[in-house]
Amino acid sequence: MLSKKIENALNHQIKLEADSSQFYLAMASWAEHNGLNGAASFLYRHSDEERMHMLKLVHYVNERGGKAIIPSIQQPPTSFQSLSHIFESLLKHEINVTKEINKVVGACLEDKDYTTHHFMQWYVAEQIEEEALARTIMDKLKLIGNDKGGLYLFDRDIQTLANAPVPSPKTA
Ligand SMILES: [Fe+2]
Ligand SMILES: [Fe+2]
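Residues numbered from 1 in each chain as written. Chains lettered and ligands numbered in written order. Predicted model: local features only at pLDDT ≥ 70, side-chain atom pairs only at ≥ 80, totals over all residues. Heavy atoms only, no water.

Caption draft 1: Local environment of the nonpolar core. Judged by nonpolar contacts, the single largest core of 26 residues is most densely connected at Met27, Leu43, Ile86, Phe87 and Phe154. Elements supplying a minimum of two residues to this core: helix H1 (4-33), helix H2 (37-63), helix H3 (83-110), helix H4 (114-144) and helix H5 (148-162). Examining the composition of this core, we find that seven residues originate from one element, H1, more than from any other. Apart from the residues within four sequence positions on either side, Phe87 is in contact with Phe42, Leu43, Ile137, Met138, Leu141, Phe154 and Ile158. Ile14, Ala68, Val97 and Tyr123 belong to the second largest nonpolar core, which has 21 residues in total. (Core = buried A, V, L, I, M, F, W, Y, C linked by side-chain atoms within 4.5 Å. Buried < 20%, exposed > 50% of the residue type's maximum accessible area, 1.4 Å probe, protein only. Helix = DSSP H or I, 4+ residues; strand = E, 2+ residues; numbered from the N terminus. Contact = heavy atoms within 4.5 Å.)

Caption draft 2: Quick look at the pattern of salt bridges. As enumerated under the stated definition, the model contains seven salt bridges in all. A salt bridge links Asp111 to Lys5; the shortest N-O distance between them is 3.4 Å. You can see Asp111 sitting in the loop between H3 and H4 and its partner Lys5 sitting in helix H1, a full 106 residues away along the chain. Judged by relative accessible area, Asp111 falls into the partly exposed class, the value being 30%. As a salt-bridge pair, Asp19 and Lys15 come within 3.2 Å of each other at their nearest N and O atoms. With Asp19 and Lys15 both in helix H1 and four residues apart, this pair spans about one turn of that helix. On the basis of relative accessible area, Asp19 is assigned to the buried category, the value being 16%. Taken together, the salt bridges that share partners define one network made up of Lys5, Glu110 and Asp111. (Salt bridge = Lys/Arg side-chain N within 4 Å of Asp/Glu carboxyl O.)

This is the structure:
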């Protein structure tokens, strides 16, 4: 059984994952609109993954005797300056999500909720991967700078990252 404090912390995290999904969906749509189809596929997929993160939390809260709250949808930005700006804000966003996940983990330790602590380790590991990936992409974009040919190749390369199937919330 979840304590009220942990239930609230997990519901806060559900909202963050939902917001991340919407944010990346807005980025994906902008990229698609601007002919950056590789980046668009990558971002659509990333948006799906965030929704999966949200669902995984929803199931966990409900299975542990809590009540998952489905949050309202926030309007994300409708336009972005460039692909570099997109990945820069994606990285910033992920760093913030990591901080929030660490807060949940901290609350689990305070509450001696070792079950939820164990559950949250999946998110801890996921954040390491996502931050590393966002940093790698940012480094590539910095190398490319304003080179149009480089951007074309980048967009083609990032497509391959988007092609693997999205893991389901139960098996991830
Ligand atoms: Fe996430
Ligand atoms: Fe994420």
